[in-house]
Amino acid sequence: MPFFSSDWDDEEEDDAFEGDLNALARDFERKSRDSFSARELIELFKYYSNQFPSAKGEFKADTYMRLILEQGLQRFPYIPVFAIHMAEWLIREKKYKKARKYIEQSLAYTPFEPTLIFMDSMIWGLQNEPDKALDALLNALNTCGDDEGLLEEVLDMLLHHKQYNLAMPVLERALELGAEVNGILEKYLENTDETGLMGALLPMIEKIVDQDPYSHEAWYVLGSAQMALREFEKALTALDYAVTIHENFADAWLAYFECLYESEKYSQLIAKYNEQVQRFPKKTFQEIEGLLAWSYYETGDIKGSRALYKEVLKREPHDAECWYSMGLTYHYEGNFSAAIPYLEKAYDLDKFESDYGLVLASAYLGIESKDQWEPLYETLSIEHPNTPELWLDYSLAVSESGDRERALEIIEQGLQNNPSNPQLLYRMGALCYLCGHQPAAIFVLEKALEIAPEEHFLLFTFAPELKKATSILECILRFTTIRYE
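Each chain carries its own residue numbering, running from 1 in the direction its sequence is written. The predicted origin of the model limits local features to residues at a pLDDT of at least 70 and limits the giving and counting of side-chain atom pairs to 80 or more, whereas totals for whole chains, interfaces and linings rest on all residues. Only heavy atoms go into the side-chain values, all of them from the structure, while hydrogens and water stay out.

What follows deals with the overall build of the protein. Under the scheme used here, helices are H or I runs from DSSP no shorter than 4 residues and strands are E runs no shorter than 2 residues, and both carry numbers assigned from the N terminus. Check the secondary structure of the protein and you find 28 helices and zero strands. The size measure is the radius of gyration over C-alpha atoms, and the globule rule it meets is 2.2 Å times the number of residues to the 0.38 power. Expected size for 485 residues packed as a compact globule is a radius of gyration near 23 Å; at 31 Å, the protein overshoots this value by more than 25%. For the C-alpha atoms alone, the extent of the protein along its principal axes is close to 90 × 60 × 50 Å. Here the protein holds 485 residues, and 49% of them are scored as buried. Considering only intrachain contacts with a sequence separation of at least 6, the fraction spanning at least 24 residues in the protein is 54%. Whether a residue is buried, partly exposed or exposed follows from its accessible area with a 1.4 Å probe, protein chains only, as a fraction of its type maximum: under 20%, in between, or over 50%, in that order. The contact rule is simple, with two residues in contact once any of their heavy atoms fall within 4.5 Å.

Rendered as structure tokens:
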């Protein structure tokens, strides 16, 4: 969907197009195109844009959209909308120089059209020309007047294309005019997990809070951004402001509860939840009941934890995370037989989450069922080859079953997928030594020590007897100052 949709969204009702668009499209597709008015071409562009992108095997709406823009540029070069949408098209194709050519041609006819100048600014930004981009942006801001809608669209466009330095002045002007921009920033927060984007949005959100410190929405968006950056203490402060200003703001309470959970403040989560649950409709906080159940477990109320998990699973039988967590409540107390049915269900529901399979294999190992843990580890090695913990757990299980040479082969396979992982290198060095390959052990150990000397204790966690191996200790001493008696 192109930006700058306001060229048709803001039409007066009595100016709505009353022609037969289907008939108009048929005429256009028959190549009878020279007689179309500018208005008809714009309406056709809207018509095809609602069908873009086309389903595979169907006619290509993008072909007709491109033809409409070319026709409009040729016959009506003084109407900016055609150049704007053609530039958008070329930007998607990363043809920035060509896109700016169309904008410059249109500016020759309408040099004070702010939409064109904003687009010119963004293209300079995409071409890594920050000075030219900023000059064009300031020019656009000087010519756009009090058009809040345009500023909102420009802000959306600049954030979409990651032009954060250009977005800030637009945001400031929009806030001066009282534009509604919370929703725009919130949209990008919800649709990304990029730390860089979060960091770029944060000062913009802080600017909104500074502008209106009594806006519960602004504090909520700020708290959400800080949560995404895992700055939980700051997030709790922001969300506390949000629910203090507007105590019935359910979304903010949900975020607040989640933030307490991520901060491992389990007792506070339970207390706050029990305070607020009476004030809201029954289903309001259901989505965080899994977090609440684990909070009960962490505070020692295992019975309450399992009872709540059972309620959640009865309501949400496809919630893999809850099946897994319920299994963990048994797994952690060594009751592997009780844990296994829950862990199996979680793994069946979601094989993409490596922890589900790893903990299930560990439970099979706990009941000494080699016929189950060995094939599962083999399957997991295909499903999650880039997960170092898998290879460590698999090799440990095989080593403890008495086959150290096979365990060494497993670690070698893991290193093929994770060649610089120090944990795997230390494990390989230990296994080489235990299998009698001492020169190879020292060679691998040196590589591990070059990468992460502070993690050499992993050798002794796996094989405490290596503390008596002189060649191992001498090798460690070359990279650290730690001595072992």
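What follows continues from the structure just given.
Further remarks concern the packing of aromatic side chains. How two aromatic rings sit relative to each other is given by the distance of their centres and the angle of their planes. Note on aromatic contacts: the rings of Phe and Tyr and the six-membered ring of Trp form a pair at centre separations within 6.5 Å, being stacked when their planes are under 30 degrees apart, edge-to-face when over 60 apart, and tilted otherwise. One pass over the structure, following the stated rule, counts 23 aromatic pairs. Both rings, one in Tyr-47 and one in Tyr-48, keep their centres 5.1 Å apart while their planes meet at 80°; by these two values the pair is edge-to-face. Under the relative-accessibility criterion, Tyr-48 is labelled buried at 0%. Looking at Arg-92, its charged tip hangs above the ring of Trp-89, at a distance of 4.9 Å from the centre. In our convention, an over-ring charge means Lys NZ or Arg CZ found within 6 Å of a ring centre and within 35 degrees of that ring's normal.

Working definition of a nonpolar core: buried Ala, Val, Leu, Ile, Met, Phe, Trp, Tyr and Cys residues. They are joined through side-chain atoms within 4.5 Å. One finds Phe-118 and Leu-159 to be the most contacted residues of the largest nonpolar core, which totals 175 residues. Beyond its immediate sequence surroundings of up to four residues, Leu-159 is in contact with Tyr-164, Ala-167, Ile-184, Leu-185, Tyr-188, Leu-201 and Met-204.

Helix span is expected to be 1.5 Å times the residue number reduced by one. With 13 residues, helix H25 (residues 422–434) ought to run about 18 Å at 1.5 Å a step, and its terminal C-alpha atoms sit 18 Å apart, in line with that. Counting buried positions over the 13 residues of H25 gives 11, a clear majority of the element. Among all positions of H25, only Pro-422, Leu-424, Leu-425, Tyr-426, Arg-427, Met-428, Gly-429, Ala-430, Leu-431, Cys-432 and Tyr-433 are buried. Here a polar contact is recorded for every N or O atom pair within 3.5 Å, except that within protein the pair must consist of a potential hydrogen donor and a potential acceptor, and residues adjacent in sequence are included only if both atoms are side-chain atoms. Its side-chain oxygen at 3.1 Å from the backbone nitrogen of Gln-423, Asn-421 defines the N-terminal cap of H25. Looking at the residues trailing H25, positive phi occurs at Gly-436, about 90°.

Our focus in this paragraph is a negative patch on the surface. Residues with no salt bridge and a relative accessible area higher than 30% make up the patches, which join like charges within 9 Å and nonpolar side chains (Val, Leu, Ile, Met, Phe, Trp, Tyr) within 5 Å. Only the protein chains shown count as covering a residue, and every accessible area follows the Shrake-Rupley method with a 1.4 Å probe. Salt bridges are defined as contacts in which a side-chain nitrogen from Lys or Arg sits within 4 Å of a carboxyl oxygen from Asp or Glu. The convention is simple: Lys and Arg are positive, Asp and Glu are negative, and His and the chain ends are not counted. A charge is said to be at NZ when it belongs to Lys, at CZ for Arg, at CG for Asp and at CD for Glu. A cluster of acidic side chains, namely Asp-371, Glu-374, Asp-403, Glu-405 and Glu-412, defines a negative patch on the protein surface. Only helix H22 (370–383) and helix H24 (404–417) provide two or more residues apiece to the negative patch. Along the chain, Glu-374 falls in helix H22. For Glu-374, a relative accessible area of 31% puts it in the partly exposed group.

Before going further, it helps to examine the side chain of Thr-480. Relative to the helices and strands, Thr-480 resides in the segment after helix H28 (470–477). Apart from residues no more than four positions distant in its own chain, Thr-480 is found in contact with Pro-453 and His-456.

Further remarks concern the pattern of salt bridges. Within the structure shown, the criterion is met by 19 salt bridges. Lys-265 is the partner of Glu-233 in a salt bridge, and the nearest nitrogen-oxygen pair spans 2.8 Å. Highlighted residues: Glu-233 in helix H14 (residues 232–245) and Lys-265 in the loop between helix H15 (250–262) and helix H16 (266–276), separated in sequence by 32 residues. Judged by relative accessible area, which is 22%, Lys-265 ranks as partly exposed. We note a salt bridge from Asp-348 to Lys-351, for which the minimum N-O separation is 3.8 Å.

Together, Tyr-214, Tyr-241 and Ile-245 make up a nonpolar patch on the protein surface, roughly 360 Å² of accessible area in all. Structurally, the position occupied by Tyr-241 is in helix H14.

Attention shifts here to the packing of H24 against H25. Packing of H24 against H25 brings their axes to within 9 Å, and their N-to-C directions diverge by 155°. By the angle between their axes, H24 is roughly antiparallel relative to H25. Remark: the crossing between H24 and H25 carries left-handed chirality. Between H24 and H25, the contacting residues are Arg-404, Ala-407, Leu-408, Ile-411, Glu-412, Gly-414 and Leu-415 on the first element and Leu-424, Leu-425, Arg-427, Met-428, Leu-431, Cys-432 and Leu-434 on the second. Amino acid classes used here: Ala, Val, Leu, Ile, Met, Phe, Trp, Tyr, Cys and Pro are nonpolar; Asp, Glu, Lys and Arg are charged; the rest, including Gly, are polar. Considered class by class, the residues forming the contact of H24 with H25 number 10 nonpolar, one polar and three charged. In this description, a line fitted to the C-alpha atoms serves as the axis of each element, helices being fitted only across the stretch in contact, and the angle between N-to-C directions of two axes falls anywhere from 0 to 180 degrees. Orientation categories follow fixed angle ranges, with anything under 35 degrees roughly parallel, anything over 145 roughly antiparallel, 65 to 115 roughly perpendicular, and all other angles oblique. Each crossing is labelled by how the near helix is turned from the far one, with a counterclockwise turn of less than a right angle marking it left-handed and a clockwise turn marking it right-handed.

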